[in-house]
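Coordinate inspection notes
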Amino acid sequence: MGPPKKSAARVSEDPDELVRVPLQAVLLADSFTTKFRPITLERPKVLLPLVNVPMIDYTLTWLESAGVEEVFVFCCSHSKQVISYLEKSEWFSQPNFTVTTIESQNSVSAGDALRVIYERNVVHGDFVLINGDTVSNMSLTQALIEHKERKKKDSNAVMTMIIKHSKTNPAIHQSRLGTDELFMAIDPNTKQLLYYEDKADHSKGTLHLDKSLLVDNPSLSLHHDKQDCYIDICSPEVLSLFTDNFDYQHLRRHFVKGLLVDDIMGYKIFVHEIHSDYAARIDNFRSYDTVSKDIIHRWTYPLVPDAMNFGNTAMKLERQGMYRASEILQSQSAVVGPFTVIGSGTKIGNHTKISNSVIGEGCKIGSNVVIEGCYIWDNITIEDGCKLQHAIVCNGVIIKSGAVLEPGVVLSFKVVVGPEFVVPPYSKVSLLQQPIEEDSDEELEYADSTSAIGSQVDKSDVEIASEVDKTHFSPVSELGMGGAGHVWSTCEGGHEEEWRHSVAPIPKDKILEAIKTMEDDMELTHDGSFLPLSGELKPNSNDSDDDDHEDSKEDSYYFEKEVEATFLRAVHENIQESHLNLEINSLKLSYNKLTADCAGAVFYAMMKFALDTPHSSADSLLKNVQLVFTKWKQVLTTYLIDIDDQIEIILKFEEMCSESAKEFAPLFTKILHHLYNEDVVNEDAILSWEDEKKDADEADKVFVKQAQKLIQWLKEAPEEDDDE
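The sections below set out a description of the structure shown in this document. Small disclaimer: the values here were computed from a predicted structure and weren't measured.

The next point concerns unusual backbone geometry. Glycine aside, negative phi is the norm for most residues, and most peptide bonds take the trans geometry. Here the bond from R37 into P38 is cis, since omega is 5 degrees, no more than 30 degrees from zero. Relative to the helices and strands, P38 resides in the loop between strand 1 (24–28) and strand 2 (49–50). Of note, the amide linkage connecting Y301 to P302 takes the cis form, showing an omega dihedral of 10 degrees. On the secondary structure map, P302 appears in the loop between helix 8 (285–296) and strand 15 (316–317). With a phi close to 55 degrees, N368 is a non-glycine residue in the positive phi region. One can find N368 in the loop between strand 23 (364–365) and strand 24 (370–372). Here H390, not a glycine, exhibits a phi torsion of approximately 45 degrees, which is positive. With respect to the element layout, H390 can be found in the loop between strand 27 (387–389) and strand 28 (392–393). With relative accessibility at 8%, the residue H390 sits in the buried group.

Pasting the structure below:
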């Protein structure tokens, strides 16, 4: 069941104690959010497919592999569906891993859920608190050791939050997971969390800290480059704190912030930062898209499609990140692109094109269909000539011939789209009518049992289908002739949220607008009177220069990695070059980098992609480089404003040939000549590079010597006659 276990990481009592306490976990199966509506009115979020596997299976697989021995799954809305799924799965029969469900129909918040857990008296030691929509492959060992050691020294150390580095897009103040920009103040020595703000007012451009933070703490680091993984290691006192404070509803907004400002009890929260491991919570449709792509690209290994087999037909990994199950009927003329997943029993018709998409089981896809960046769940019919872009399509949907789904569309269960009908961007469509009053995201996705929606929440697919079949739909519905479904209206200000939290790429005009606003704001603060948003604030210190240097090196590393990830996403999702430049420009502003830094990072990403593309010889590797530059040269040359930027490219290439990509070393001169022929670097840049190397050590002249024939040819080449 699931991937092999990692070494178990358990919280146990001291060696001299006789009783060992098994590591427990509390898994919240309710979403406590409305961001996945209308889908979650009919099915719990934790059972929604994530690359064809229910989300909760990823969470439970990780908990088992991390050494957790007992999990309490808390269910409220859709509790019957969750309990039924777990009973039919293999989770109730795993050796050394116990899964127990706790049901409460009266809980309407995470705080209520934890109060019920406390009343049941089932948690007997430190425990992991997690949502059932979390994907991770991290080891808990070190975080558990740190938590336990702190607790021995300070009984008030009640929680350790898992965080990781993640730069937000500075133009739209949003992470790649679609979450708001998070500000944290952390003691750099003890790792104590001192400040947490995920709802900053960006319109004012300022952040207000209580002066007592600076008075009471000799040093603190203020960050806006961290991601909250929503994995917490808690002491039992956390549960009693929720019981003692009934106004604690939201885990972060109420509980965490409440403890941070409570000077009376003195409870403390600490952080543990992971680096190479993966952890992310699926909070909205954008994070659903991001985490799905991370799984397909294998960042979550061993939680990957070919290993996550839960009663489904085994997936097979093929070239270019394609995953296929068995019993697929695909026309020879159909084209399935890289980083696509196809479930078992699916049929694909003639001349259909599918790219960067996940297709579930038992789907029937007609001829001349185009599917790009979509999530097509199970038993869906897509007739001939349809076009789908960056959409989510739930089980049992029928899309009739010639219909179009614009980017950001969500079709809930068993919706029917009429022929030739165009569903507008960001539309949410359901067989259920839109609730008159929407709950806020502070509240549980739960309706009173007397309401029309409440009567649907715990019914099976068969029961819902039966009721839908009895419903009369007019010949011309909101979804065209023969269509079935209600298009939900967007509330005031909702359009802004739709593109922010959609599976569709952020529109180019929105990025341009945001960057323009950001540049205007920077002009207003040209006097430099503002504090940097990430960095350490502390009294005068002789080590400050060294610390700044280390921070700069770390920033450069992360900047290069983010540019590489952005470039790869553009390659695999066919993003336009101009759109890619916009995303890199926003990273440039975020990391406060120069155009030369952008040039070096883009060049590295392009060369690394050429190297990672399959090749059998030096000649085929050179061919890869030529193809990459033919396609993406314009993105790079945007940042080659002057000769210094071109020299930066050559220096970056030298560094790659010497360290990270030695396969390029024998091809250095040929590739440099190609860059010259393509007008990426000019003669002056190459000759200036040679001149800079005159006084260098011999070891630093390896590639200058290798390129001597090219350099000599450039020197001897006749000057172009300006009069010609």
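Read on, since the account is not over.
Bringing the packing of aromatic side chains into the picture now. Taken as a whole, this structure holds 17 aromatic pairs when the rule is applied. For the ring pair F653 and F668, a centre distance of 4.9 Å and an interplane angle of 15 degrees mean the geometry is stacked. Linking F653 in helix 16 (residues 643–660) with F668 in helix 17 (residues 668–677), this pair joins segments that are 15 residues apart in sequence. Like F668, F653 is buried. Its end group placed over the ring of Y230, R281 keeps NZ or CZ at 5.4 Å from the ring centre. The aromatic ring of W632 is capped on one face by K631, whose charged end is 5.2 Å from the ring centroid.

Summarising burial for strand 12 (residues 226–234): eight of the nine residues are buried, a large majority. When strand 6 (residues 127–131) meets strand 12, the two strands line up antiparallel, connected through four bridges. For F127, the partnering residue across the bridge sits in strand 12 and is C234. Summarising the sheet, strand 8 (residues 157–165) and strand 12 pair through six bridges and their orientation is antiparallel. Residue pairing across strands places M159 opposite C234, the latter belonging to strand 12.

Further remarks concern the pairing of strand 1. Across the five residues that make up strand 1, a large majority, five, are buried. Note: strand 1 against strand 6, five bridges, orientation parallel. Directly across from A25, in strand 6, lies its bridge partner V128. One ladder, built from five bridges, connects strand 1 with strand 4 (residues 70–75); its direction is parallel. Bridge pairing in strand 4 places L28 opposite F74.

Time to look at the environment of A157. In this fold, A157 is placed in strand 8. The class for A157 is buried, based on a relative accessible area of 2%. A C-alpha to C-alpha distance of 7.8 Å links A157 and H147, two positions 10 residues apart in sequence.

Two elements in contact, helix 17 and helix 20 (residues 708–716), have axes separated by 9 Å at closest approach and are oriented at 30 degrees. On helix 20, the residues that touch T669, L672, H673 and Y676 of helix 17 are L710, W713 and L714. Residue composition of the contact of helix 17 with helix 20, grouped by class: five nonpolar, two polar and no charged.

Enumeration according to the criterion identifies 24 salt bridges in this entry. Across the salt bridge formed by D112 and R115, the nearest N and O atoms sit 3.0 Å from each other. With D112 and R115 both in helix 3 (residues 110–120) and three residues apart, this pair spans about one turn of that helix. Taken as a pair, D112 and R115 share a single burial class, namely buried. The partner of D612 in a salt bridge is K608, and the shortest N-O contact between them spans 3.0 Å. With D612 and K608 both in helix 14 (residues 595–612) and four residues apart, the pair spans about one turn of that helix. Classification of K608 as partly exposed rests on a relative accessible area of 23%. One network of salt bridges, with partners in common, ties together K45, D133 and R281.

Conventions and cut-offs
- Residues numbered from 1 in each chain as written.
- Predicted model: local features only at pLDDT ≥ 70, side-chain atom pairs only at ≥ 80, totals over all residues.
- Heavy atoms only, no water.
- Helix = DSSP H or I, 4+ residues; strand = E, 2+ residues; numbered from the N terminus.
- Buried < 20%, exposed > 50% of the residue type's maximum accessible area, 1.4 Å probe, protein only.
- Phe/Tyr/Trp six-rings, centres within 6.5 Å; stacked < 30°, edge-to-face > 60°.
- Lys NZ or Arg CZ within 6 Å of the ring centre and 35° of its normal.
- Pairing = 2+ DSSP bridges.
- Axes fitted to C-alpha atoms, helices over the stretch in contact; angles between N-to-C directions.
- Contact = heavy atoms within 4.5 Å.
- Nonpolar A, V, L, I, M, F, W, Y, C, P; charged D, E, K, R; others polar.
- Salt bridge = Lys/Arg side-chain N within 4 Å of Asp/Glu carboxyl O.

Read these as geometric descriptors, not functional statements.
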